[in-house]
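# Observations on the model geometry
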Amino acid sequence: QAQPVESGGGLVQAGGSLRLSCAASGSIFSANVMGWYRQAPGKQRELVAGISSGGEPIVQNSVKDRFTISRDNAKNTVYLQMNSLKAEDTAVYYCAAGQVLLSSRPVSGVWGQGTQVTVSP
């Protein structure tokens, strides 16, 4: 099956904003929890945010005041709105779909290729 496809990454100055998008097939999107992981250089991959098929969001405490996850069922797309970006947010961000989103990986799921987010201090 097709991978989710991320877009929206780039270079941004600290304090700025980016919105990441993840487009998935209808079957993947409707049947799975969707979410975003990130992996910074030298660090383990971590779950940033997730949203259930019913639209229930969860965002990690480290970014919950700055990041918002949402989904558009009509477009089969999940978004990650990132505000007040910090240098430590620099990472490759991966969209994932799965039955469960563990802290490091999705269960019975699929990954996108990732999109680079670089925050300049």
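What you see is a predicted model; the values in this text were computed from it and never measured. (Residues numbered from 1 in each chain as written. Predicted model: local features only at pLDDT ≥ 70, side-chain atom pairs only at ≥ 80, totals over all residues. Heavy atoms only, no water.)

### As for the overall build of the protein chain
Formally: Each helix is a run of H or I in the DSSP string that is no shorter than four residues. Each strand is a run of E no shorter than two, and both are numbered from the N terminus. The reference for a compact globule is 2.2 Å times residues^0.38; the radius of gyration itself is calculated from the C-alpha atoms.
For the protein chain, the count of helices and strands is one helix and 13 strands. Beginning at the N terminus, the succession of helices and strands in the protein chain can be written as β-β-β-α-β-β-β-β-β-β-β-β-β-β. In terms of overall dimensions, the protein chain is globule-like: its C-alpha atoms have a radius of gyration of 13 Å, near the 14 Å expected for 121 residues. Taken along its principal axes, the extent of the C-alpha atoms in the protein chain is 40 × 30 × 25 Å.

### Describing the pairing of strand 8 (residues 77–82)
Let me state the cut-off plainly: Think of it in three bands: with a 1.4 Å probe and only protein chains considered, a residue is buried below 20% of the maximum accessible area for its type, exposed above 50%, and partly exposed in between. DSSP bridges decide pairing: two strands pair if at least two such bridges lie between them.
Counted residue by residue, strand 8 has five buried out of six residues, so it is predominantly covered. Note: strand 3 (residues 18–23) against strand 8, six bridges, orientation antiparallel. The residue bridging R19 from the neighbouring strand is Q81, located in strand 8. The pairing of strand 7 (residues 67–72) with strand 8 spans six bridges and is classified as antiparallel. If you follow F67 over to strand 8, its bridge partner there is M82. Between the antiparallel neighbours strand 7 and strand 8 lie four residues, among them N76 with a positive phi of about 50°.

### Describing the environment of F67
As for its position among the elements, F67 is in strand 7. A residue is classified by how much of its surface remains accessible, and F67, at 3% relative accessible area, is buried.

### Considering unusual backbone geometry
The residue N76 is not glycine, and still its phi comes out positive at about 50°. Within the secondary structure, N76 sits in the loop between strand 7 and strand 8. Even without being a glycine, S84 presents a positive backbone phi close to 50°. Mapped onto the elements of the fold, S84 is located in the loop between strand 8 and strand 9 (91–98).

### Some words on the environment of V59
Which entries qualify depends on this criterion: We call two residues in contact whenever any of their non-hydrogen atoms come within 4.5 Å of each other.
By the element assignment, V59 lies in strand 6 (residues 57–59). A C-alpha to C-alpha distance of 17 Å links V59 and T77, two positions 18 residues apart in sequence. Once residues lying within four places of it in the same chain are set aside, the contact partners of V59 are V48, A49, K64, F67 and I69.

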